[in-house]
Structures are given as structure tokens and as C-alpha cells.
Amino acid sequence: VPVAGAKTLSFVDVNLEARFLEGTLSWVDPADTSDIDAYRVYFAEDANLAGAAQIGGDLAVGSASSVAIGPAQAVGSFSYFVIVAVNAIGPQRVPSVLPIADRGIDLTDADLRRGYLAGTVTWWNGAGTVASRLRVYLADSPEATASRLEVSRGMQTVAFTGQHQFDQLLALASAVGDEIRLSADLTRPTPASPRTVFAAAGSRVLLRGS
């Protein structure tokens, strides 16, 4: 079986909806690939391939060192990317692993009345960590500045509730070097159950001097 496998695994989530992934998982071949025929790439619940689901087919060594994830891959119960080097004898005994770092804003509206909101906004930046700054606004449009009404501000999650007369809920989250802005359309009909109202559409804007 292969002695060594993929190394220097990396993945950056560019899907701004929490619990969904999009990006490229990449890796570097070991110095000696003579005993590797192919790589198998998996989502898994742990580093030992519990609940594993293979991503695509086997990738012949030398033919690829990356695999596309998404565009809206649900994280579900998966916590790791796992890459296994294989040959005709079998798989390597200790696979290469990378914790899944989900990145996005999540809001669930639990108030089913139109014109009312009740819930918590959370920004996930990596493997379960939160933003260094999170601001939530009610506004007349996704681009609104002067008309927006700040609901609350927090270091981790932001809770809110109450009646509103605005068309949009804006969430701005920032860490070192970047800011994510997402908006939710509050004019849509309210369904009969709690909903996640943020969509994946959003923009990543570099901050200057923040």
C-alpha cells in the first residue's frame, strides 16, 4: 500500500451561505509517488472516514492535484475532507485530512408573521469560529446606507426580534482584512415553518484600514 499520501491540503469556502461550501480543495503530491496509482477524495464525519462519501471518481496520480467543491455543497454532518492514496494492493493506512472550514452568514426567522422578525444571526468564519464583528440592519434596499436602522451589534451572534417596516435585512460581518455583506428580502411571503432567509448571493468587499 502507499507509504505517503497527499500533503499541504487547502480549501477556502467562497459560498457565503452558512452550512454550504464552494471552492477548490487542493493538495501537493509527496516527493515519491511511485507507489501511488490514484487518490480518492471524501467528505467524512471524522478523520477515520466515518460516514464517508467519495467526491467524484478516483484521480490518477499526476493527472490532478485539486477537486472542485460546490457550487452549493451542503455540509450536513461532514467535518473533514479526507484524501486516500491507493494502489493495486490497497489504500494507505493513514489518510490525509483537512477539517472543513465553513464560512458564511446564517439567519433563521422563527416569527411566521409577515412584518415581524425573531431570530439569531451568526457569521461562521472557518471551522465553527465566529466573526470579530457582526452588525445587523433593517434597510430599504441591499445597498442602503442612510436609511438603514441598526438592529444590534455583537462580537459573535446577534439576536433580534420585533416588528419592522423595511424591505431588507442586512448582515455585515468582518474579520481581519475583509467584510462580508448579505441581505435577505423581507417582502417574500412567509412560509408555514421557520426559515433560513439568507441566500448564497452576496459580496466580499475588502476593508481599508479596518
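This text goes with the structure placed above it.
Cut-offs applied
- Residues numbered from 1 in each chain as written.
- Predicted model: local features only at pLDDT ≥ 70, side-chain atom pairs only at ≥ 80, totals over all residues.
- Heavy atoms only, no water.
- Salt bridge = Lys/Arg side-chain N within 4 Å of Asp/Glu carboxyl O.
- Helix = DSSP H or I, 4+ residues; strand = E, 2+ residues; numbered from the N terminus.
- Buried < 20%, exposed > 50% of the residue type's maximum accessible area, 1.4 Å probe, protein only.
- Phe/Tyr/Trp six-rings, centres within 6.5 Å; stacked < 30°, edge-to-face > 60°.
- Contact = heavy atoms within 4.5 Å.
- Pairing = 2+ DSSP bridges.
- Axes fitted to C-alpha atoms, helices over the stretch in contact; angles between N-to-C directions.

Right, let's talk about the pattern of salt bridges for a bit. Under the definition given, this model contains two salt bridges. The residue arginine 19 makes a salt bridge to aspartate 102 at a minimum N-O spacing of 3.7 Å. Placement of arginine 19 in the loop between strand S1 (7-10) and strand S2 (20-28) and of aspartate 102 in the loop between strand S8 (96-99) and strand S9 (103-109) is noted, with a sequence separation of 83 residues between them. Taking relative accessible area as the criterion, arginine 19 reaches 40% and is therefore assigned partly exposed.

All right, on to the packing of aromatic side chains then. Applying the stated criterion to the full structure yields four aromatic pairs. Judged by centre distance (5.7 Å) and plane angle (70 degrees), the ring pair of tryptophan 27 and tyrosine 39 falls under edge-to-face. You can see tryptophan 27 sitting in strand S2 and its partner tyrosine 39 sitting in strand S3 (residues 38-44), a full twelve residues away along the chain. On the accessibility criterion, tryptophan 27 (4% relative accessible area) is buried. Taking relative accessible area as the criterion, tyrosine 39 reaches 0% and is therefore assigned buried. Plain terms: the ring middles of phenylalanine 43 and phenylalanine 78 are 5.3 Å apart, the flat faces sit at 15 degrees to each other, and that makes the pair stacked. Within this pair, whereas phenylalanine 43 is found in strand S3, its partner phenylalanine 78 is found in the loop between strand S6 (66-74) and strand S7 (80-86), the two being separated by 35 residues in sequence.

Glancing now at the environment of alanine 18. Residue placement: alanine 18 occurs in the loop between S1 and S2. Separated by 86 residues in the primary sequence, alanine 18 and glycine 104 have C-alpha atoms spaced 4.2 Å apart.

Looking at the element boundaries, threonine 161 is found in strand S13 (residues 157-163). Judged by its relative accessible area of 67%, threonine 161 is exposed. The residues touching threonine 161, leaving out its near neighbours within four places in the chain, are Leu117 and Ala118.

Another point: the sheet that holds S6. Strand pairing in a sheet relies on backbone hydrogen bonds. The paired strands run either parallel or antiparallel. Across the sheet, which stays open at both edges, the three strands sit in the order S1-S2-S6 with antiparallel pairing between neighbours. Edge positions in the sheet fall to S1 and S6, since each of these pairs with one other strand and no more. Sheet twist, expressed as the average angle between the axes of neighbouring strands with direction ignored, equals 15 degrees. Two strands pair when backbone bridges link them, and S1 and S2 are joined in this way by two bridges, in the antiparallel orientation. Following the sheet pairing, serine 10 is matched in S2 by serine 26.

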